[in-house]
Amino acid sequence: MIKITHQNPYLFPILIALTFKSFGQTAYEEDQPLNNRYPWNTQVWGPDQQAGGWYYNLGITGLRMMLDDQKPRELLIKHVWPNTPAAGKIQVNDRIIGTNNTLFQEDHRNGHGRFVFGARGPAGEFATALETAQSNAGNGNLSLMVKRGGNTLNVTLNIGKSYGAYSTTYPENCPKCSTILAELNPIIRSYQNSEGAFGNGGPDDNLFGCIALMSIGGAENMAAVKRCVQLIADETTANGWQTTGDLINWTYTVGSIILSEYYLATGEQWVKPELNEIYQTLLRTQYTDRSQIIPTDEPDEFPPPSGTAFQGGWGHNPGFEAYGPISMITAQGALGFALMQRCGIAIDRARHDAAYNFLVKATGPNDHVWYGETDDPDPNDWSANGRTGTSALAYFMANYKEASYRQRALRYSQHSGNHPQSFPDTHASPEMGMLLQALGTYTDPPSFRKLMDANKWWFALAQTPQKSFYYSPARDITEPSTDFRFSATCVAALVFSLPNKNLYISGKRIPGYDEWAATFDEHLTLLDPWGDFDGDNKTNLAEFQNGTNPISDAGVIAIDTGTLENKTFTYTRKSTPNTTFSVWYSSDLATWTQDTNANQTVTATNPDGTQNISVTLSVTPPTNTKFFIRVRTP
Ligand SMILES: [Ca+2]
Ligand SMILES: [Ca+2]
Ligand SMILES: [Ca+2]
């Protein structure tokens, strides 16, 4: 059994980063020599260790570079991978100043904040040239203008055209995406350990691995995911909320998403009680009232909130432990509730809506979701959109009939599409933000198009000569969680496999099924295609496909309609010892009220296996209006 939270290196620094450090920027410690600045001086490990620092990758050329704030139109080369197009042609400390005999046109504006997000400047221009060289119009050669010593030379890299360029509709109808996806799939599986965990074994890496592999699909991937699902099931319990200080809400919210998608994909019934355990713990870890505040819990740093502030959200830990609920985990929790509800788990709607309302409280007037509850945010300001995108997904996946959920989902998706530049820059775990923002924005195709168009540079530059994708420095992050490849590789694979629609969160639906379920009062329960609401050994999905009644086994109940006298009537039904029958009344056949105190008595058991039931209502039927009664299961 591996320990899945303590060893997750990125989660703990979040607590510190937020409290003591303002948002950091790339290489902007200007009192330090360039090489000593964050992020270039960050120790890297895994296959990137030999690069010597945390530098930007320049796609499949084999180059790694850093940005120099004194030379904002140059890319300073810091590493050249052997056996790549750049090997033997470009040297460390070369400065690339242009492509195809054209100097770079814009200063880089690399940093954290709405005015500097994105790759404008030499990095973005390099990415465009790299893509053009691989396109139909290109010849597979990338011509670079290079400053070396006092000279400027032209160097041509033969990068080939085997990948092609990303299509204008990518990831839809994109041969390059398909080619890369086939390369990434076995790489992702290679990051799974013998116990089933991916990468570092933390909840983030398990989410990356399981979501990417399920989105790609196929028996081999699903078998790998199953091993991780079993591991998560073993490590989560209904009493997980009793664990404190262990950042468990990541484990449980992520677990709710992974296990739900796995259950919906496979119908394996053993997953459902495991989901229910996760739900029980998430109910207890959601912050609902001030009694959950631990008085000794850093009161100076995070003074306990007054009134109902922060209620409905999840933080890193149960209740208000540490510094209280935040939007990212709350959006994941709201999403998890919606997915578990689709799996037949009975979700407390008040709690679910409290989570959604937390996100509303964290939303600025421009629909940007901030880190947590925000007082009077600047209506023009925005930042990284991982939270906003995750909120879009959480709202889009809501199963309630009110239109307001989809309306709010659309607003969040549009915000993400209208401000796409921060895509690779979510606080703490950029790839986590990218994964969920991509999925959330995908719910609105026009917004998703904008997101993809604005970030083509990332998909061009993050691809490495070793095939896996690379986690380039983001502006607001301490370190990546596993090595510098796994999470970026999974994000690329997820995005490129979105057209498969293999996940409910990427758009999978059984055609007509949701609409069919919505015609029943019990529609939330019937959304579980693998459930058997009426206990007749036909799944809800089979009932849908066969046109049978999912609510009651036809013929079980035959009510004698002639015997209502005062408050008593009788009916006959099959003997069904494991079934609960409830009594409902209505004046219009539209609004039904359950008579929870109705008294039901078996008055006779007949030779044909049926029973006579006498029911006495606890309410008095009106004498001058219509009055309808029904009996149903449960
Ligand atoms: Ca369990
Ligand atoms: Ca059934
Ligand atoms: Ca049935």
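Residues numbered from 1 in each chain as written. Chains lettered and ligands numbered in written order. Predicted model: local features only at pLDDT ≥ 70, side-chain atom pairs only at ≥ 80, totals over all residues. Heavy atoms only, no water.

Novice: Hey, could you run me through the packing of aromatic side chains in this one?
Specialist: How two aromatic rings sit relative to each other is set out by the distance from centre to centre and by the angle between their planes. Scanning the model with the defined rule gives 33 aromatic pairs in all. Ring centres 4.8 Å apart and planes at 35 degrees place the aromatic pair tyrosine 191 and phenylalanine 486 in the tilted group. Taken together, the positions of tyrosine 191 in the loop between α3 (175-190) and α4 (203-216) and phenylalanine 486 in helix α15 (residues 486-497) put the pair 295 residues apart, joining distant regions of the chain. Overall, phenylalanine 486 belongs to the buried group, its relative accessible area being 0%. (Phe/Tyr/Trp six-rings, centres within 6.5 Å; stacked < 30°, edge-to-face > 60°. Helix = DSSP H or I, 4+ residues; strand = E, 2+ residues; numbered from the N terminus. Buried < 20%, exposed > 50% of the residue type's maximum accessible area, 1.4 Å probe, protein only.)

Novice: Looking at this model, I keep getting lost on the packing of helix α11 (residues 404-418) against helix α12 (residues 430-442). Mind explaining?
Specialist: Contact geometry for α11 and α12: axes closest at 8 Å, N-to-C directions at 115 degrees. Our pair here, α11 against α12, has a crossing hand that is left-handed. The segment α11 lies against α12, with Ser413, Ser416 and Gly417 engaging Gln437, Gly440 and Thr441. Its residues assigned to classes, the contact of α11 with α12 comprises no nonpolar, six polar and no charged. (Axes fitted to C-alpha atoms, helices over the stretch in contact; angles between N-to-C directions. Left-handed = near helix turned anticlockwise from the far one by under 90°. Contact = heavy atoms within 4.5 Å. Nonpolar A, V, L, I, M, F, W, Y, C, P; charged D, E, K, R; others polar.)

Novice: I would appreciate a short explanation of the nonpolar core in the present structure.
Specialist: Nonpolar side chains in soluble globular proteins tend to be buried together. Leu63, Phe126, Phe459, Phe469, Phe496 and Ile505 are the most contacted members of the largest nonpolar core, which totals 145 residues. Counting residues per element, this core draws most heavily on helix α6 (residues 248-266), at ten residues. Other than its neighbours up to four places away in sequence, leucine 63 contacts Tyr56, Asn57, Leu58, Ile77, His79, Val80, Trp81, Ala86, Ile90, Ile96, Leu144 and Leu157. (Core = buried A, V, L, I, M, F, W, Y, C linked by side-chain atoms within 4.5 Å.)

Novice: How should I be thinking about the coordination of the calcium ion (ligand 1) in this particular structure?
Specialist: Binding of the calcium ion (ligand 1) to the protein goes through Ala233 (O), Thr236 (O), Glu274 (OE) and Glu277 (OE), at separations of 2.3 Å. The sequence pattern describing where the donors of the calcium ion (ligand 1) fall on their chain is A-x2-T-x37-E-x2-E. Accessibility classification places alanine 233 together with threonine 236 in one group, the buried group. (Donors = N, O, S within 2.8 Å, 3.2 Å for Na, K, Ca; no water.)

Novice: Explanation requested: the coordination of the calcium ion (ligand 2) in the structure shown.
Specialist: Geometry reference: four tetrahedral donors at a metal, ideal angle 109.5 degrees. Six octahedral donors, ideal angles 90 or 180 degrees. At 2.2 to 2.3 Å from the calcium ion (ligand 2) lie its protein donor atoms, namely Asp532 (OD), Asp534 (OD), Asp536 (OD), Lys538 (O) and Glu543 (OE). Taken in sequence order, the residues that donate to the calcium ion (ligand 2) follow the motif D-x1-D-x1-D-x1-K-x4-E. The metal-metal distance between the calcium ion (ligand 2) and the calcium ion (ligand 3) is 4.1 Å, with aspartate 534 serving as a donor to both.

Novice: Can you walk me through the side chain of threonine 236 in this structure?
Specialist: Looking at where threonine 236 falls in the secondary structure, it is placed in the loop between α5 (219-235) and α6. Its relative accessible area of 1% is what places threonine 236 among the buried residues. Engagement of the side chain of threonine 236 in a polar contact is seen with the backbone oxygen of isoleucine 232, the distance being 2.7 Å. Beyond its immediate sequence surroundings of up to four residues, threonine 236 is in contact with Thr251, Tyr252, Glu274, Glu277 and Ile278. (Polar contact = N/O pair within 3.5 Å; in protein donor to acceptor, adjacent residues only side chain to side chain.)

Novice: Looking at this structure, how should I read the pairing of strand β3 (residues 75-80)?
Specialist: Side-chain direction in a regular strand flips from residue to residue, so the side chains alternate between the two faces of the sheet. Across the six residues that make up β3, a large majority, six, are buried. As paired elements, strand β2 (residues 63-67) and β3 share five bridges and run antiparallel to each other. Bridge pairing in β3 places leucine 63 opposite valine 80. Here β3 runs beside strand β4 (residues 95-99); their pairing, made up of two bridges, is antiparallel. (Pairing = 2+ DSSP bridges.)

Novice: Explain unusual backbone geometry to me, please; I cannot follow it from the model alone.
Specialist: For residues that are not glycine, phi is negative in most cases, and the peptide bond is trans in most cases. In this structure, the amide linkage connecting tyrosine 38 to the following residue, proline 39, adopts the cis form with an omega of 5 degrees. With respect to the helices and strands, proline 39 occurs in the loop between α1 (11-20) and β1 (56-57). In this chain, tyrosine 170 is followed by proline 171 through a cis amide linkage whose omega measures 5 degrees. Examined against the element boundaries, proline 171 turns out to sit in the loop between β7 (151-158) and α3. You will see that asparagine 101, though not glycine, has its phi angle at about 65 degrees, which is positive. Topologically, asparagine 101 is positioned in the loop between β4 and β5 (102-103).

Novice: I tried to follow helix α7 (residues 271-285) on my own but got confused; where do I start?
Specialist: Helical geometry note: an α-helix holds 3.6 residues per turn, so side chains three or four residues apart project in the same direction. Here α7 is 15 residues long and its end C-alpha atoms lie 21 Å apart, about the 21 Å a rise of 1.5 Å per residue gives. Taken together, the buried positions of α7 are Val271, Lys272, Glu274, Leu275, Ile278, Tyr279, Thr281, Leu282, Leu283 and Thr285. Check the buried side of α7 and you find it contacts α5, α6, α8 (327-342) and α9 (349-361). (Expected span 1.5 Å × (residues − 1).)

Novice: Before we go on, may I ask you to explain the confidence of the model for the protein chain in this structure?
Specialist: Detailed reading of the predicted coordinates is not advisable wherever pLDDT is low. Taken as a whole, the protein chain shows an average pLDDT of 89; of its residues, 91% reach a score of 70 or greater. Low pLDDT, under 50, characterises residues 1-26; the predicted model gives this stretch 74 contacts beyond four residues in sequence or across chains. (pLDDT = per-residue confidence, 0-100.)

Novice: How should the sheet that holds strand β14 (residues 628-632) be read in this particular structure?
Specialist: Strands in a sheet are paired, the pairing made by backbone hydrogen bonds, and the direction either parallel or antiparallel. Sheet architecture is open: three strands sit in the order β11-β10-β14, paired in antiparallel fashion. Each edge of the sheet is formed by a strand with only one pairing partner; in this case those strands are β11 (593-594) and β14. By the bridge criterion, five bridges tie strand β10 (residues 582-586) to β14 in an arrangement that is antiparallel. Looking across to β14, one finds that serine 582 is bridged to arginine 632.

Novice: Got a minute to help me understand the side chain of asparagine 317 in this structure?
Specialist: Inspection of the secondary structure assignment puts asparagine 317 in the loop between α7 and α8. Given a relative accessible area of 3%, asparagine 317 falls into the buried group. Among all residues touching asparagine 317, those that are not within four sequence positions of it are Gly245, Asp246, Leu247, Ile248, Asn249, Thr285 and Ala322.

Novice: Would you explain the environment of tyrosine 405 in this entry?
Specialist: Here tyrosine 405 shows up in helix α11. In sequence terms tyrosine 405 and alanine 394 are eleven residues apart; their C-alpha atoms lie 9.0 Å from each other. If we ignore the near neighbours within four places in the chain, the residues touching tyrosine 405 are Arg349, Asp353, Tyr356, Tyr395, Ala398 and Tyr400. There is a polar contact of 2.6 Å between the side chain of tyrosine 405 and the side chain of aspartate 353.

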